[in-house]
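The chain contents come next:
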Amino acid sequence: QVQLVESGGGLVQAGGSLRLSCAASARVFAGATMGWFRQPPGKQRELVATISSSSFTYYIDSVKGRFTISRDAAKNTVYLQMNSLKPEDTGVYYCNAIPLTQRGPWGQGTQVTVSS
């Protein structure tokens, strides 16, 4: 059973924008702090941003002021608006619940490629 489906990635020039979406199952999404992660080429997956069920947000320093995470409880969906993209933002982006007890199998992710 697919529990996480990411979409919205693509190829964009530096300075451009993309909006990622993540459709989650109710089991993963309900009441959970959700996060966006990314895996740059040849590197390990890293946390990028989180949003709690009350919409409290956290961002890693390198994306603060450029990325915005949001969620729609009616749609069990998490979004990541990415502006002023840089080549170092390139990678496969994934979403998942932060609590391990609610984390689902990792989805396919969505590829983001930023050209210089």
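Here is a short report on the structure shown in this document.

**Thoughts on the pairing of strand β1 (residues 4-7)**
By the alternation rule, side chains of β1 split into L4 and E6, which are all buried, and V5 and S7, of which none is buried. The pairing of β1 with strand β3 (residues 18-24) spans four bridges and is classified as antiparallel. Bridge assignment links L4 to a residue of β3, and that residue is A24.

**Quick look at the pattern of salt bridges**
Inspection of the entire model under this criterion finds four salt bridges. R66 is the partner of D89 in a salt bridge, and the nearest nitrogen-oxygen pair spans 2.8 Å. Pair noted here: D89 is in the loop between β8 (77-82) and β9 (91-97) and R66 is in the loop between β6 (57-59) and β7 (67-72), with a separation of 23 residues, a long-range link. Residue D89 is classed as buried on the basis of its relative accessible area, which comes to 1%. Sharing partners across several salt bridges, the network here consists of R38, E46, R66 and D89.

Cut-offs used in this document
- Residues numbered from 1 in each chain as written.
- Predicted model: local features only at pLDDT ≥ 70, side-chain atom pairs only at ≥ 80, totals over all residues.
- Heavy atoms only, no water.
- Buried < 20%, exposed > 50% of the residue type's maximum accessible area, 1.4 Å probe, protein only.
- Helix = DSSP H or I, 4+ residues; strand = E, 2+ residues; numbered from the N terminus.
- Pairing = 2+ DSSP bridges.
- Salt bridge = Lys/Arg side-chain N within 4 Å of Asp/Glu carboxyl O.

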